[in-house]
Each structure stands twice: as structure tokens, then as C-alpha cells.
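# Remarks on the overall topology
Chain residues, written in single-letter form:
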Amino acid sequence: MITRLLTSSDEDIAAAARIIREGGIVGMPTETVYGLAGNALDADSSRKIYAAKGRPSDNPLIVHIADIADISPLVKTVPDNARRLFDTFSPGPLTVILPKTDIIPDATSGGLDTVGIRIPADRTARRLIRAAGVPIAAPSANRSGSPSPTTAAHVMHDMDGRIPAVIDGGGCAVGVESTVVSCSEDGHITILRPGFVSLEDIASVTGEDGVSLAKGVTERISDGERVLSPGMKYRHYAPDADIALVVGGKEAFERFVSAQEADAYAAGFGDESLPRLIPYGLTSEEQAHELFDMLRRIDEIGAKRVYVRCPERSGVGLAVYNRLLRAAGFEVIYA
Ligand code: AMP
Ligand code: MG
């Protein structure tokens with residue numbers, strides 16, 4: 001299969017929408033990361049998504065809609081707190097998990113009786129969803145286990161020859177995947193995956209006691225342990241190189257890194273003075289924006305071992321920390 005690179009012109013969006021309506025899948029830009037977009041109501045489309053990604057079929061797909069009004073056929077109820085989160089943070093990088101109706105096939109929900117709903121803010125994504133006229137299932141457009149794609153070139157790297165088309169919408173504004181939350185019947189919000197909408201942002205809506213972090217966000221889930229989100233149990237975001245997170249101040253980190261073998265690389269979150277540095281943004285937002293490109297570049301330069309200085313663990317930093325922790329296979333060194 002030849003993979004066409006499309007632009008975000010009306011004509012190309014119409015062509016991509018046609019592919020989706022006919023049961024195919026296309027690479028779609030969003031403000032978080034690029035997605036692999038297919039008709040969420042069509043089991044065969046979802047199966048194609050899993051096959052293209054090489055993703056385990058019990059790891060559910062997030063369903064994207066353009067407007068909150070389009071949610072009603074897809075879910076049984078929207079609890080008050082979930083509604084308030086949508087009102088505050090959507091369109092935007094937030095996914096809320098709700099009890100699904102039967103029109104969402106098991107192939108899309110990974111066999112679960114719930115579905116994650118997101119309303120993306122990216123203009124191209126919104127135009128594509130409207131043009132397709134169906135809710136769009138879209139996981140990140142990387143091969144399963146690899147860092148998520150934040151440019152059309154990343155998607156081409158992973159998907160060339162596997163899907164009919166990719167829409168090039170430029171770089172993703174946010175750079176990390178959406179914040180995924182579940183909402184219990186009593187309205188308590190649990191963050192299953194941190195993202196650009198932070199714990200603090202959500203607490204500003206629910207109150208501090210109204211939101212908590214699932215265990216898998218900052219701790220390894222042991223084999224056989226029950227997980228709230230299937231994605232937590234899979235290896236993720238990992239380049240081929242061995243990555244370790246190093247906790248410590250700038251000086252301790254520099255001392256630690258200079259004591260390592262000469263072929264090790266260091267990524268120091270803006271510590272420009274470091275030798276062998278992979279340049280990296282300073283604020284958590286900049287780190288989120290650069291993160292996946294950095295993880296991909298680690299493979300491009302053929303690094304075998306990379307020490308990454310541990311980021312802030314609050315605000316958007318928690319999302320960066322969570323992705324790095326998983327890229328590092330939870331290997332943390334205290335310098
Ligand atoms: P991705 O599709 O790559 O953005 O990853 C989606 C993440 O959301 C994965 O970690 C999934 O396991 C999680 N997720 C999606 N839908 C659900 C759901 N219904 N219940 C729990 N977790 C979900
Ligand atoms: Mg993913």
C-alpha cells in the first residue's frame with residue numbers, strides 16, 4: 001500500500017473523510033499527538049487500527065467527537081462532574097471514560113463496557129470528524145510500544161505502507177497524549193493517565209478531595225494486578241536505547257553523568273552546560289512539547305544508554321514524568 005501525504009486543504013480533508021467512511025484509516029493531527037483515525041462505530045475499522053499499530057486488542061481506543069452534543073448516542077450517562085470537566089476543558093486534551101452504549105462495538109472498546117470520549121481542539125481534527133460524519137476512534141499513530149508521533153514525519157516513519165493516508169497538520173501544539181480520567185457514580189474523578197489538563201486543573205473544578213491519581217501513573221503495576229486502564233500494563237513510549245531517570249539537583253545530575261561511560265547520553269531539561277546534551281526545553285509545557293521528538297532522536301543518534309534528569313512532578317510535569325518513567329521501564333536512580 002502506498003501511503004499518501006495529504007494537506008489540510010478542504011479537498012484533502014474530504015478525501016480523508018471518504019477513506020474513513022469507506023472503512024479505511026488515516027493519520028490525523030490533533031493538538032496532543034497524531035492519531036490513527038477510523039470509524040468508531042465500525043468493528044472492522046477498529047480491527048484495522050489495532051493491526052496497523054500492532055496493538056494488543058484489549059487496549060481500548062479513545063472516541064473523538066467534534067461537539068459535546070454528539071456524545072448522547074455513545075454513552076449511557078454523563079455524571080455531573082464529568083459534564084463539568086467537559087464544560088471546562090473541552091474542546092481540549094481531556095478524555096473522560098463513561099459507560100458505553102451498544103453502538104460502540106467491543107472491537108473499539110477493547111471488550112470493556114466503557115468508552116473514553118474526547119473532543120479535540122485541533123482545527124484539522126475537528127474538520128475531519130465533521131466531514132466524516134461519524135465518531136472517530138483514534139489511538140496514537142505510533143507502532144505499539146514506540147514513542148507517540150508529534151509530526152506527520154513521525155507517523156510516516158511508523159506507518160508508511162501500512163495505511164492509505166496521513167494528513168500533515170504540522171507539529172502538535174501540546175505534544176503529550178490527553179489526560180484520561182474516569183468518573184465514578186458518586187462523581188469522584190480518577191486520573192488514569194496524566195496529560196496537559198493537570199491534576200491541579202481538575203481539582204479546581206472538583207475540589208482537592210474530588211480527584212485522585214490511579215496507582216499506575218507513578219508506580220509499576222505488578223503482573224496479575226487489576227488495572228483501571230489496560231494501557232498501564234503495556235511497555236510504552238520506549239526507544240531502543242536503555243533510559244534511566246535520574247533524581248537529583250542540577251549539580252548532582254552533572255556529577256553523576258560525568259562519571260558514566262563516554263558513550264552514554266544525558267538529557268538535562270535545559271541544563272545547556274552539560275556535555276553530550278540532548279537539548280531540552282525549560283518549562284514543563286516545553287518539555288511536553290519536545291518529549292516524544294527527543295525519544296525518537298535518541299534512536300536516530302543510535303544512543304545505547306541515556307540518563308534523563310527527572311522532571312517536575314506537578315502540573316504538566318506529571319505527564320512528562322509519567323511518560324519518561326514508562327520509557328525508562330520504571331528505572332529511577334537517585335544521584
Ligand atoms: P492511546 O490510544 O494511545 O491514546 O491510549 C489510550 C489510553 O487510554 C490507553 O492507556 C487506554 O488503556 C486508555 N483507555 C482508553 N479507553 C479506556 C477505557 N474505556 N477504560 C480505561 N482506559 C481506557
Ligand atoms: Mg498511545
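Because the structure is a prediction, the values reported are computed rather than measured. Within any chain, residue numbers begin from 1 and follow the written order of that chain's sequence. Written order determines the labels here, with chains lettered from A and ligands numbered from 1. Restriction of local features to residues with pLDDT of at least 70 applies here, the model being predicted, together with a cutoff of 80 or more for giving and counting side-chain atom pairs; totals for whole chains, interfaces and linings are based on all residues. Only hydrogens and water are removed before side-chain values are computed, so all heavy atoms of the structure are retained for them.

## As for the sheet that holds strand β3 (residues 35–39)
Let me state the cut-off plainly: At least two DSSP bridges between two strands are required for those strands to pair. Runs of H or I in DSSP of at least four residues are treated as helices and runs of E of at least two as strands, each being numbered from the N terminus. Here, two residues are considered to be in contact whenever any of their heavy atoms come within 4.5 Å of each other. Axis lines are fitted to C-alpha atoms, over the contacting stretch for helices. Their N-to-C directions set the angle, which ranges from 0 to 180 degrees.
Taken together, 11 strands build an open sheet; the order of strands is β1-β8-β2-β3-β7-β4-β6-β5-β9-β10-β11 and the sheet is mixed. Of all strands in the sheet, those with a lone pairing partner are β1 (4–6) and β11 (211–213), marking the two edges. Here strand β4 (residues 63–64) runs beside strand β6 (residues 114–118); their pairing, made up of two bridges, is parallel. Opposite V63, over in β6, you have I117 as the bridge partner. Along the sheet, helix α2 (residues 43–53) makes contact with β3 and β7 (136–137), crossing β3 at roughly 155°. Along the sheet, helix α3 (residues 80–89) makes contact with β5 (94–99), β6, β9 (179–183) and β10 (189–193), crossing β5 at roughly 155°.

## Looking at the nonpolar core
Where we set the bar: Only buried Ala, Val, Leu, Ile, Met, Phe, Trp, Tyr and Cys residues count toward a nonpolar core, and they belong to the same one when joined by side-chain atoms within 4.5 Å. Exposure is judged per residue with a 1.4 Å probe applied to protein chains only, and the accessible area is read against the type maximum: over 50% gives exposed, under 20% gives buried, and values in between give partly exposed.
Within the largest apolar cluster, 43 residues are counted, with the highest numbers of intra-cluster contacts made by I117 and I202. Mapped onto this core, the elements with two or more residues apiece are α2, α3, β5, β6, α6 (152–159), β9, β10 and α7 (199–206). With residues up to four places along the chain from it excluded, the contact list for I202 reads L85, F89, T179, V181, I189, I191, V197 and V211. Counting 28 residues, the second-largest nonpolar core is a separate cluster that includes F292, I298, A303 and V308.

## Quick word on the pattern of salt bridges
Short version of the rule: Put simply, a salt bridge is a Lys or Arg side-chain nitrogen that is within 4 Å of an Asp or Glu carboxyl oxygen.
Going through the model one piece at a time under the given rule, you end up with 13 salt bridges. Among the salt bridges present, the one from D242 reaches R305, with a minimum N-O distance of 3.7 Å. On the criterion of sequence distance, the pair formed by D242 in strand β12 (residues 242–247) and R305 in strand β14 (residues 305–309) is long-range, its members being 63 residues apart. Each of D67, R126 and R130 takes part in a single network of salt bridges with overlapping partners.

## Thoughts on the packing of helix α1 (residues 10–21) against helix α5 (residues 123–132)
The criterion, for reference: Here roughly perpendicular refers to angles of 65 to 115 degrees, roughly parallel to angles under 35, roughly antiparallel to angles over 145, and oblique to all remaining angles. Two helices crossing with the near one rotated counterclockwise from the far one by less than a right angle form a left-handed crossing, whereas a clockwise rotation gives a right-handed crossing. For this scheme, ten residues count as nonpolar: Ala, Val, Leu, Ile, Met, Phe, Trp, Tyr, Cys and Pro. Four count as charged, namely Asp, Glu, Lys and Arg, and the remainder, Gly too, count as polar.
Contact geometry for α1 and α5: axes closest at 8 Å, N-to-C directions at 50°. One element, α1, and the other, α5, form an angle in the oblique class. Where α1 crosses over α5, the two elements pack in a sense that is right-handed. Contact residues: D10, I13, A16, A17, I20 and R21 in α1; T124, R127, L128, A131 and A132 in α5. Among the residues forming the contact of α1 with α5, the class breakdown is seven nonpolar, one polar and three charged.

## Observations concerning the side chain of D12
Here is the rule: Neither His nor the chain termini are counted; the positive set is Lys and Arg, and the negative set is Asp and Glu.
Residue placement: D12 occurs in helix α1. Buried within the structure, D12 lacks any salt-bridge partner; its nearest side chain of opposite charge belongs to R4, at an N-O separation of 4.7 Å. In this structure, D12 is in contact with L6 and T7, ignoring residues within four places of it in sequence.

## Things to note about α6
In terms of burial, α6 is a largely internal element, six of the eight residues being buried. Turning to α6, its buried residues are A152, H154, V155, M156, D158 and M159. Those residues of α6 hidden inside the fold are in contact with β1, β3, α2, β8 (165–167) and α9 (284–300).

## Details of the packing of aromatic side chains
Filter applied, for reference: Geometry of aromatic contacts follows a simple scheme: Phe, Tyr and Trp rings, the Trp one being its six-membered ring, pair when their centres are within 6.5 Å, and the pair is stacked under 30 degrees between planes, edge-to-face over 60, tilted otherwise. Only when the NZ atom of a Lys or the CZ atom of an Arg is both within 6 Å of the ring centre and within 35 degrees of the ring normal do we say a charge sits over the ring.
Under the criterion given, the structure shown has one aromatic pair. The aromatic ring of Y321 is capped on one face by R313, whose charged end is 5.1 Å from the ring centroid.

## Topic: the site of ligand 1
Counted only if it meets this: A single heavy atom is enough: if one lies within 4 Å of a molecule or strand, its residue is considered near that molecule or strand. Whenever two N or O atoms come within 3.5 Å, that pair is a polar contact, provided that in protein one can donate a hydrogen and the other can accept it, and provided that, for residues adjacent in sequence, both atoms are side-chain atoms.
Close contacts around ligand 1 come from 16 residues, with N59, T114, S140, S229 and G231 the closest. R193 is positioned such that a nitrogen or oxygen atom in its side chain is 3.1 Å from an oxygen atom of ligand 1. Residues of the shell around ligand 1, tallied by class, amount to nine nonpolar, five polar and two charged.

## Some remarks on the packing of α9 against helix α10 (residues 317–327)
Angle between the axes and distance between the axes: these two values describe a pair of packed helices. With their axes 8 Å apart at the nearest point, α9 and α10 run at an angle of 25° to one another. In terms of axis orientation, α9 runs roughly parallel to α10. Between α9 and α10 lies a crossing whose hand is left-handed. Along its contact with α9, which presents S284, Q287, A288, L291, F292, M294 and L295, the element α10 presents G317, V320, R323, L324 and A327.

## Describing the side chain of S178
Within the fold, S178 resides in the loop between β8 and β9. Looking at S178, the relative accessible area reads 3%, which means it is buried. Residue contacts for S178: discarding those within four places in its chain leaves T32, I62, P93, L94, T95, R118, R193, P194, G195 and R323.

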